[in-house]
Structure formats: structure tokens, C-alpha cells
Amino acid sequence: MTLTTPAVRVARLGVRFGDRVALHAVEFDVAPGEFVALAGPNGSGKTTLLRALLGFLNPDEGAVELFGAPVADLSIRERARRVAWVPQEESLRDDVRLSQYVLYGRYPHLRPMDRETETDRALVARILGEVGLADRANDGILSISGGERQRAILARALAQRTPLLLLDEPTSHLDIAHQLDLLGRVHALSRNEGVTVIAALHDLNLAARYADRIIVLSRGRRIADGPPRSVLSEDLLARVWGVDAELAVDSRSGLPYLLPRRLVTETRPSSSTLTAGPVHVVGGGGAGAPLLRGLIDEGFRVTAGALHLLDTDAEAAESLGVVAAVEGPFAPLSPATRAHHRALLSEARVIVVAAFAVGPSNLANLEDVLPYATRTPVVVVDQTPGTPIDFAEGRATAAREALRTAGATFVPDTDSAIREVVRVLAGPRADPSLLTPEG
Amino acid sequence: MSPPPGSVRLRRWWIGVAIGAGGGLLVLLSALLGAVDVPVRLGLQILLHEVSGGRVFPDACVGSGLSPTRCSAYTFIVWNLYLPEVLLALIVGAALGLSGASLQGVFRNPLADPFLLGISSGGTLGAAVIYVYHIGVADADLYLPAFAFLGAVSTGLLILTVARGRYSSVETLLLTGVALANLLSAILSLVLLYNPAGSEQVTFWLLGGLGLADWEVDGIAFGSVLALGTLLSLYGRELNLLQLGSDVAQSAGVDAARVRLKVILLASLVTAVAVAFTGIIGFVGLVSPHIVRRLAGSDYRIVLPGSAVIGALFLLGARDISYLAFPGSLLPLGIFTAFAGVPFFLFLLYRQRRFAPMGGG
């Protein structure tokens, strides 16, 4: 096998179950020795993809190659010598000795009448040692703990001595210590013995911790692929999983990690159906989106502006049903847009100004707030030290300071801003009719 | 906390020796047991005389004071009635044990047995049809087992047809078998309802018995069960892996669908042989594999041949109990397999101390 032969080649793979498209034109290569994490929400096609790699299903389109050979052309026994599978769990009914169970993995290497040799037994003993189960070799598979059983399943798969290992959510039944333990062992195998690993993993932090590469599937398509730090983003989490998450970088390892906060869409009603408020958010470049979501979560009708088309905040506003004053991409704000924006500002009961980057094209956003600051409560999210947001030669900073002078409340972050709005409009959800505009 | 593997092997070996010795003794004594009592010493002399071709005990009845006529009558009873019956019990018991073990393995279900899946009922229906409609009645001795065999095999094939279907899961298959068994019973009841004349003979198949045993029947049954059983026993390793689920088995190199087809086919055939000669004898196929698993663990390479041995001894034991409990009467064997099997089965099932598979008990 030459280095140029990929361990796995997936070529325009398409799988349908009836009308449902499970995989659509999925295409990628996996190099020998790579540790690839498959990520994606439930139903995104991870398991289907793994099953296609195992040759369990006949794709409707495309093909899968394992080490240069089409899976469909390999006999079941030949496949089992190239790829081993660690399922989420195995339904074990009969109690068999652990060493016997792991010995099952030798099946593809034995001819029909063969008995297992001493070599096979020695190999099994070594593998049991590798997965930390040497002292359990004579125990029944049903008598060991869940964490040990998952390692036993791994050991059984390893006994097949395949250059490729597929794992389907191997850690979903394990506690955090056993998750780290199992994936650590798999990771070591990939490092030390050059075993190629493809693992479907729900836990993106674990995926980022162990995988060289993360492939993200969504609705049967491969929508992101690359090293963890370039693939994982707050935007991806929101788009693919519908989860509002915070992405940070672990200072020691330099690896990204995610802190999920709440669902983006599923439990959130469209802004237009809400009656409390309205609250107007001035933002841009993504700084406003968390405010939009957070305020809608609190039950407020939200407006926004003025945003540029294709801007992250503009897309968030659209998906959330937020009425917004919108300008064409990258264009300076036109008089019409500014008029629309002012109309929204005048209707608002509270105006929230995000810590958004201000350049010449959207400076007007900030300046237009000032006239309203005297009669409408304004909450301003302070800029984070070290993250410059004034790209308009000091005029943005000046506009923000003018707001402070006009009585605006400055808060350190998005969450404080939302709390402040709730405080100002206290009890909006209880009875909006009791509310009177401040001023 | 567990014994080393060596002691496991030793334990298995002792169990094997105990079963072998006990079984041999049981076979010998059983050959003296039947509708007519045969004195133990006389019976053993007759057996040795016949087996050695007259070299040992040239006079089989020496020392018994029997007249030559009565001696030859006893010889006939022991050699041509009891012994073939004993051997048929062993052969059919082995067939049912094997069939039960392999079906439980392939369906991953401890309740699976040829009776549950309708294979036995299919055999009875085959026998009933020929009796009731007088097909080939001239040579009923030959046609009856043949049709029982056909009935059982076609039922097995019907289940197999479902098994080949694209959407067949193990559960669908099992349920198909159960549904089929019910349908066959209903058809059988219908046939008998409209033809009460044939029902008496058909009852033989319904309740099971060793009445057809003779050296020729034994020969046919032995040959076919030996061949089919040997083939079935080759699937021990595959059945072990199938216990982990079809997908896991396949990922480990087992062609699950093909193994399933072959094992169901072989199990149907071996059941059909049993049903053809002895009718429906329940419980042997269900219980034997469980006994083996309790004694020697769940490795199908042992469970398959082990179930044959236990099934054989179990059916022989049931036959003996029927003679001991009701001397002189020939009650259907199926009744006794249930009477003997159910309490023992429940005892095993509910016993606190489990025989751990690998000697941990």
C-alpha cells in the first residue's frame, strides 16, 4: 500500500431510505493514520455513513473504497480484515468469559475448521492488557461494569487487527472519566500504531480534544471539514445544531471548547408573535445576534437596524423574524434605510446598542440613536478592552460617549444588557398593557 | 476472583465424564425397560449375546431357566423392540436438542424451538393430510414419515422465504414462525374436524411416540441426524458471533444472512427427521440448550453438540419414566417430556445459584 492510497475514499455517496435522503453527495478522503471525528445532529447521517463504510448498505449513488478497494467488491470476511466496528453498545445476552469474547474478533482470520491458536490467545491477552482489562480476562462479560464493557467491545474490534477502526458514539453510555479513558486509548492507537480512526461523536469537546479532523454532517451533507479549531465555531453550532454556544480556546492546549447556552430556534417563538416591547437592537457584524436571541427568549418583540444584507446579524434577524432596517451589502446607509431605522427607534421602548464594530458605512447607526436617548431608555454594551470597535477615526467612540452623557446605561456584556432591559420593562410578560413608556 | 481457565476445562471434562458414564448406564438399563419387564441379568446377557454376535454368552438365556421359545421371545423383545426404541429416543432427542440449540442461537431467543416455530406442526399436518385423504395408504409405513418430513421441511422453507426478504429482522422471522404455527394448528384442527376417522392415527403425531422404532427406521434416522447434526455443529463459531447482533457479527466477518438461512434450513431438516418418525415431542428442543448452557457455558461450539447429548438422554429418560410410572401402558411420550421437563426447567430457571458460564458458580 502506498502512502497515496487513502484509507477511506468516499465518492459522491448518496443513500436514500424511501423518500428520505440520508446522505447526499458526500465526498471525502481519510489518510492512513488519521483520527477523524464525525459530528452532526441526530439524524444527520453519521450512522448511515458508518454503515456505508462497513458495507452494511448499498448506496444509491457513489461508492466507498477501503484502502483502494471498493467495499462492494470485498467479501464480508475481507472487509472484516480491513475495518472493525465499535458500536454504541452490544446487546449481550449470554455471559461469556471476557477472553473468549475478545477471541471472537479473530473470526475473520480463521478458516472454517480452524481452532484459535496460541498466537490468537496471546494476541487477545495483549489487547486486554492494552485496554486495561488484563485482570478481568476470566470474568463474565455481563458481570463487568459499563465502562469496562465498552473497553471490551473495543478489544473485540481490535482483535480483528484491522488498519481501520470505526466507532459509533462509543462513549455515549460512559461517564466523563471513562469517555476520556476510551478515547485516549483509541487516540494512542491511532498515534502509535497508525490505525485510521473514524468516530461518530456527539460531544464536540471530545471530538476537538482527540480528533485530527472533524467532519460535520447536516441533513446528509458534509458541510464542514477540517481541523477542530477551524471547523468549530459559534456560528456552526447555531446553524447546524441550533444551539447558542460560546466558543473559547483552552489556554493550555490551545484547543477550542464549547459551552452550550440555549437552543437557538426550537423553543424560541418568532419575534413578530411577541407583544412585549418592542426592544430595538443596534448592531452589526454578529455582535447583535446574541442580543436578538436573548431578548426574544425573554419574550420581547425585537427590532433591529440598520443592518447590511448578508451580515451575520441580518441573517440572525431574518431567521428570528425580527423586523430590521436593512441596507445592501457593504453600502453606506441610504437615507431611506436611515429613515426606516429612525422609525424603528422611535417605536422602541428600550434601545440596546451592541458592542459592534463601527466603520464609516455604519457610523450613522450609532449617531441616529442619540436623539432618542433623552426620551427612551438606552442600554449600551461596553466595548471589551483590547477589542477595538471604532474604525471610524474616533467618531464611534465619541458617539458612544455622547450616549453616556444623554443618560444611557452602560453594561459590560450581552447578558447584563438583557437583564437591564428586563429590569427597565419590569413585568412585561405579566401584563404589557400596564406598561407606560419611560420618560 | 475467577478461577483460572484450567479449572474450567477440568470442570467441563468432569461434567463430560459424568454425563458419558451416566448416559451409558441409562442406555443399558433403558433397553431392559418397556411394556414387559425383563430381568436385569437376563437382559444384559441378551444384549451382550446379540452385540457380540453370539461369541459372549452363546446361550443368551443361560442360568435363567427359560425355555428356548421364551428365551427367543425375550431376545426379540430386548433386541428388536426395546433397543431400537431406546436408540430412536436417543437419535430423536439429539435431533431435537440440536434443532432447539441452533434455532435459539440463530433467533437469539431462548424461547425458540422447532415447536414454537411451527416446524413440528407442519410435520403433523403433513402426516394428517396423507392419513385423512388416503394418499398411498397401501404403504402407510413409508408414506407417513415421508409426508411428515415434507410438511416440516416446507414449513421451514416458508420461514426461510421470509428470511430472504429484504426487510426481515430476527424478530419478524420469529413472529412469522409463531404465526405460521398457529395457522398450521388451525388447519390441522379443521382437517380433523371434517375427518374424525383419521384423527386417532394423527393423534400419534400430535402427541409423539417411539412406536415406529425398528432397526430400519433407526438406521435412516441415525444417518440423517448424524449428517445434519455434523453440519449444524460447524456453525458454532458463527452462532457465537450472531449473539452479538447481526451487524456486529457481520462487521467481524460473519455473513449473517447466509448463516441464518443455512442454519434454519439444517434445523428444519433435522426437526423434520424427528417429526417424521416420532411426531411432535415438545420441550426437548427448548430445554436441552438451557441445561447445557447452565452446565458448560454459552459457547455454541459446546452448546450444539452438548444439546444433542442432553436432548438424547432427556428423551430417553422421559421414555423410561413413562414405563416406570405407568407399567404396561404406552402413553404418548410428549406428555412425559413435559412432565419431566417442566419442573426441572423451572428448577434451573429459578435457582439462585447460577452455574456461571466459566466455572464461577
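The structure displayed is predicted, hence computed values, not measured ones.

**Considerations on the nonpolar core**
Counting 185 residues, the largest nonpolar core has Tyr101(A), Leu165(A), Ile198(A) and Phe107(B) as the members making the most contacts within it. Among the elements that line this core, the one with the most residues is helix 3 (residues 68–107) of chain B, at 21 residues. Structurally, this core is a two-domain feature, drawing no fewer than three residues from each of domain 1 (8–232) and domain 2 (234–268) of chain A. In this structure Tyr101(A) touches Glu90(A), Leu92(A), Val96(A), Ile141(A), Ala152(A), Ile153(A), Arg156(A) and Leu244(B), once residues within four positions along its chain are discounted. Counting residues in hydrophobic clusters, the runner-up holds 49 residues, among them Ala324(A), Ile351(A), Val369(A) and Val421(A).

**Points about the state of the cysteines**
All names here are of chain B. Counted according to the given criterion, the structure contains 1 disulfide over all chains. At a sulfur-sulfur separation of 1.8 Å, the disulfide partner of Cys 61 is Cys 71. One quick way to see it: the torsion about the S-S bond of Cys 61 and Cys 71 is about 90°, and its sign makes the bridge right-handed. One end of the pair, Cys 61, is in the loop between helix 2 (40–51) and helix 3; the other, Cys 71, is in helix 3, and 10 residues separate them in sequence. This pair shows no difference in class: Cys 61 is buried, exactly as Cys 71 is.

**Here we look at the interface of chain A and chain B**
Think of interface size as the accessible area that goes away when the parts come together; that is how it is often given. Taken together, the 36 residues of chain A in the interface contact 30 residues of chain B. Approximately 2800 Å² of surface area, both sides summed, lies buried where chain A meets chain B, with 53% of it carried by carbon and sulfur atoms. In terms of surface lost to chain B, no three residues of chain A exceed Ile76(A), Tyr104(A) and Tyr107(A), which account for 24% of the buried area on that side. Across the chain A-chain B interface, the total number found is 3 salt bridges. Here Arg237(B) ties to Glu116(A) by a salt bridge, and the two come within 3.1 Å at their closest N and O atoms. Where chain A touches chain B, the interface holds 5 residue pairs in polar contact (both at pLDDT 80 or more). Those elements that place two or more of their residues in the side of chain A that touches chain B are helix 2 (76–82), strand 6 (83–86) and helix 3 (98–103) of chain A. In terms of residue count, the dominant contributor to the side of chain A that touches chain B is helix 2 of chain A (4 residues). The residue makeup of the side of chain A that touches chain B, split by class, is 16 nonpolar, 5 polar and 15 charged.

**A few points about the pairing of strand 14 (residues 300–308) of chain A**
Residues and elements named next belong to chain A. Among the 9 residues of strand 14, 8 are classified as buried, and the element is accordingly described as predominantly covered. Both strand 13 (residues 276–282) and strand 14 contribute to a ladder of 5 bridges, which runs parallel. Bridged to Val 282 within strand 14 is Gly 305. Pairing geometry for strand 14 and strand 15 (residues 323–327), over 4 bridges, is parallel.

**Re the packing of helix 3 of chain B against helix 13 (residues 300–325) of chain B**
Residues and elements named next belong to chain B. Packing of helix 3 against helix 13 brings their axes to within 6 Å, and their N-to-C directions diverge by 140°. Relative to helix 13, the element helix 3 is oriented oblique. The two elements helix 3 and helix 13 cross, and the hand of that crossing is right-handed. Here the contact of helix 3 with helix 13 is composed, by residue class, of 17 nonpolar, 7 polar and 2 charged.

**Observations regarding the pattern of salt bridges**
All names here are of chain A. One pass over the full model with this rule turns up 28 salt bridges over all chains. Between Arg 222 and Asp 225 there is a salt bridge; the shortest N-O distance is 2.5 Å. The exposure class of Asp 225 is partly exposed, given its relative accessible area of 27%. Here Arg 404 and Glu 401 are joined by a salt bridge, their closest N and O atoms 3.2 Å apart. Remark: Glu 401 and Arg 404 occur in helix 14 (residues 395–405); sequence separation between them is 3 residues, near one turn of the helix. The exposure class assigned to Arg 404 is partly exposed, which follows from its relative accessible area of 39%.

**Comments concerning the sheet that holds strand 7 (residues 164–168) of chain A**
Adjacent strands of a sheet form backbone hydrogen bonds with each other and so pair up, either parallel or antiparallel. Residue and element names in this part refer to chain A. Reading across the sheet, the 6 strands line up as 6-7-8-3-9-10 and stay open at both edges, with mixed pairing between neighbours. Both outer strands of the open sheet, strand 6 and strand 10 (221–226), are each paired with one neighbouring strand and no more. Strand-to-strand twist in this sheet, taken as the mean axis angle between neighbours without regard to direction, amounts to 20°. Of the strand pairs in this sheet, strand 6 and strand 7 are connected by 4 bridges, and their pairing is parallel.

**Re the confidence of the model for chain B**
When pLDDT drops low, the exact placement of atoms in the prediction is not to be read closely. Averaged over every residue, the pLDDT of chain B is 83; residues scoring 70 or more account for 88%. With a pTM of 0.74, the predicted complex shows an ipTM of 0.80.

**Quick notes on the pairing of strand 12 (residues 256–263) of chain A**
Both strand 11 (residues 243–249) of chain A and strand 12 of chain A contribute to a ladder of 7 bridges, which runs antiparallel. Residue Ala245(A) lies in a different strand from strand 12 of chain A, and its bridge partner there is Pro260(A).

**Quick notes on the environment of Ala60(B)**
All names here are of chain B. Of note, Ala 60 is situated in the loop between helix 2 and helix 3. With a relative accessible area of 6%, Ala 60 lands in the buried category. Counting along the chain gives 62 residues from Ala 60 to Gly 122, while the straight-line C-alpha distance between them is 44 Å.

**With respect to helix 4 (residues 118–130) of chain A**
Note on helix geometry: an α-helix contains 3.6 residues per turn, so any two residues three or four positions apart are oriented the same way. All names here are of chain A. Taking 1.5 Å as the rise per residue, helix 4 with 13 residues should run 18 Å; its terminal C-alpha atoms sit 18 Å apart, in good agreement. Listing the buried residues of helix 4 in full gives Asp 120, Leu 123, Val 124, Ile 127 and Leu 128. For helix 4, the angular spread of the buried residues around the axis is 135°, confining them to a single face. Of the exposed residues in helix 4, the ones pointing more than 90 degrees away from its buried face are Glu 118 and Thr 119. Contact partners of the buried residues in helix 4: helix 3 and helix 5 (146–158). Two residues or fewer past helix 4, Gly 132 is found with a positive phi of approximately 75°.

Definitions and cut-offs
Residues numbered from 1 in each chain as written. Chains lettered and ligands numbered in written order. Predicted model: local features only at pLDDT ≥ 70, side-chain atom pairs only at ≥ 80, totals over all residues. Heavy atoms only, no water. Core = buried A, V, L, I, M, F, W, Y, C linked by side-chain atoms within 4.5 Å. Buried < 20%, exposed > 50% of the residue type's maximum accessible area, 1.4 Å probe, protein only. Helix = DSSP H or I, 4+ residues; strand = E, 2+ residues; numbered from the N terminus. Domains from an automatic or database assignment. Contact = heavy atoms within 4.5 Å. Disulfide = S-S within 2.5 Å. Buried area = accessible area lost by both parts, 1.4 Å probe. Salt bridge = Lys/Arg side-chain N within 4 Å of Asp/Glu carboxyl O. Polar contact = N/O pair within 3.5 Å; in protein donor to acceptor, adjacent residues only side chain to side chain. Nonpolar A, V, L, I, M, F, W, Y, C, P; charged D, E, K, R; others polar. Pairing = 2+ DSSP bridges. Axes fitted to C-alpha atoms, helices over the stretch in contact; angles between N-to-C directions. Parallel < 35°, antiparallel > 145°, perpendicular 65-115°, else oblique. Left-handed = near helix turned anticlockwise from the far one by under 90°. pLDDT = per-residue confidence, 0-100. Expected span 1.5 Å × (residues − 1). Arc of directions from axis to C-beta.

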